[in-house]
Amino acid sequence: MKLRIKGAVSLLNQKTIKKTVSFTGIGLHSGKIANLNIKPSDPDTGIVFKRIDLKNNNYILPSVFSVSDTTLCTTISNEHGIKVSTIEHLMGALFCLGIDNALIDIDNEEVPILDGSAKEFIEKIKHIGLQSSNSPIKIIKINKEVHYSDGKRFISAKPSTLSLNIDFELKYKNEIIGNQRNKVKVYEDNLTDILNSRTYCLYEDIETIKKKGLAKGGSLENAIVIKGNKILNNEGLRNSNEFVNHKILDCIGDLYTCGYRMIASVTCSQGGHYLTNKLLRKVFDDKENFSIVEIKERNLPHTVINRNLLRSIA
């Protein structure tokens, strides 16, 4: 079953999933099994999480200011302290597929980590297909350069014409990871390597991470583990830039907490969830930094949705 696209205008209309798609798996940090259902939703409702294991105050909206923790993942909370963590890979998948509206039911506190990437989210959603509405999409357009730094680490967002460009750099002493850098045009490039790249950690950091009560569900099934000059996973890497590509996936998912797809040039060195959220908070601190623009075919010569992904949906 192919997703039918009737001209470019449909690409610029808000989309949701055609029917409910379900996932079950362990939480990377909680170690708890969670069942997650992504359901169709009406235009202009956005992405909404619902903790169905709780009866009251159980809706949580991803937003720049609902991000409550960025320790090794992105956690969002509502005003009642109800939370959902490790949302970034799912949010990255929804962003790249052009899904504007969805209700996500989940019966535990953490999104299943699955294989540690967005691969399984993408494959199942592509199989189900998307439903286009008559409502035009809206985007966030960066108007002024915004910069945030933390020591040698930094991230910035500059104005762009019609694209979201991400230039990400890693610097590790570990010889396997080393210095990696990749640049992507999110709405134009083939993002397969980005979406398939898994989370990772150094073997020597595992004990410290677990002492913090994290990574209870971590394994070689859902994370790359590097010990010295060896990768402990039997299958090795999925692509030569898998480490930095995973960071780009995280960045895309975290950027989607702004509520819309974005037009900007983002540059990051040695960043992660914390820096991306700090950047977004700084952007939204001043209304002159951004505009919310309703996109129609007459004012945009090409789409701000990845055509390659949409046309491969089956």
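Going by the structure above, here's the rest.
In short, a report on the structure. (Residues numbered from 1 in each chain as written. Predicted model: local features only at pLDDT ≥ 70, side-chain atom pairs only at ≥ 80, totals over all residues. Heavy atoms only, no water.)

## Things to note about empty space enclosed by the protein
Working step 1: This structure, assessed with the given rule, holds one cavity of 30 Å³ or more.
Working step 2: For the largest cavity, the calculated volume is near 30 Å³.
Working step 3: Lining the largest cavity are Val 67, Thr 70, Thr 74, Asp 254, Thr 257, His 273, Asn 277 and Leu 280.
Working step 4: Ranked by the residues each element gives to the lining of the largest cavity, the list is headed by helix H7 (residues 273-284), at three residues.
Working step 5: Of the residues belonging to the lining of the largest cavity, the class tally is two nonpolar, five polar and one charged. (1 Å grid on protein atoms, 1.4 Å probe; cavity = no way out; pocket = protein on both sides within 12 Å on 5 of 7 lines; lining within 4 Å. Points joined across faces, edges and corners; volume = space filled by probe spheres on them. Helix = DSSP H or I, 4+ residues; strand = E, 2+ residues; numbered from the N terminus. Nonpolar A, V, L, I, M, F, W, Y, C, P; charged D, E, K, R; others polar.)

## A look at unusual backbone geometry
Working step 1: Even without being glycine, Asn 57 reaches a positive phi, approximately 50°.
Working step 2: Here Asn 57 falls in the partly exposed class, since its relative accessible area comes to 43%.
Working step 3: Even without being glycine, Thr 86 reaches a positive phi, approximately 55°.
Working step 4: Of note, Thr 86 is situated in the loop between strand S8 (83-85) and helix H2 (88-97). (Buried < 20%, exposed > 50% of the residue type's maximum accessible area, 1.4 Å probe, protein only.)

## Considerations on the environment of Ile 125
Working step 1: Within the element layout of this structure, Ile 125 appears in helix H3 (residues 119-128).
Working step 2: What makes Ile 125 buried here is its relative accessible area of 0%.
Working step 3: With 104 residues separating them along the chain, Ile 125 and Val 21 place their C-alpha atoms 6.9 Å apart.

## Re the side chain of Thr 75
Working step 1: For Thr 75, the location among the structural elements is in strand S7 (residues 75-77).
Working step 2: Setting aside residues no more than four positions away along its own chain, Thr 75 makes contact with Ser 66, Val 67, Ser 68, Asp 69, Lys 83, Val 84 and Ser 85. (Contact = heavy atoms within 4.5 Å.)

## Considering the nonpolar core
Working step 1: Membership of the largest hydrophobic core comes to 73 residues, with the highest contact counts inside it found for Ile 38, Phe 49 and Ile 166.
Working step 2: Every residue in contact with Ile 166, bar those within four places of it in the chain, is listed here: Asn 182, Lys 183, Val 184, Val 186, Ile 248, Cys 251, Ile 252, Leu 255 and Val 266.
Working step 3: With five residues, the next largest nonpolar core counts Leu 12, Ile 139, Ile 263 and Ile 295 among its residues. (Core = buried A, V, L, I, M, F, W, Y, C linked by side-chain atoms within 4.5 Å.)

## A closer look at H7
Working step 1: With twelve residues, H7 extends 17 Å from end C-alpha to end C-alpha; this agrees with the ideal 16 Å at 1.5 Å per step.
Working step 2: Within H7, burial applies to His 273, Leu 275, Thr 276, Asn 277, Leu 279, Leu 280 and Val 283. (Expected span 1.5 Å × (residues − 1).)

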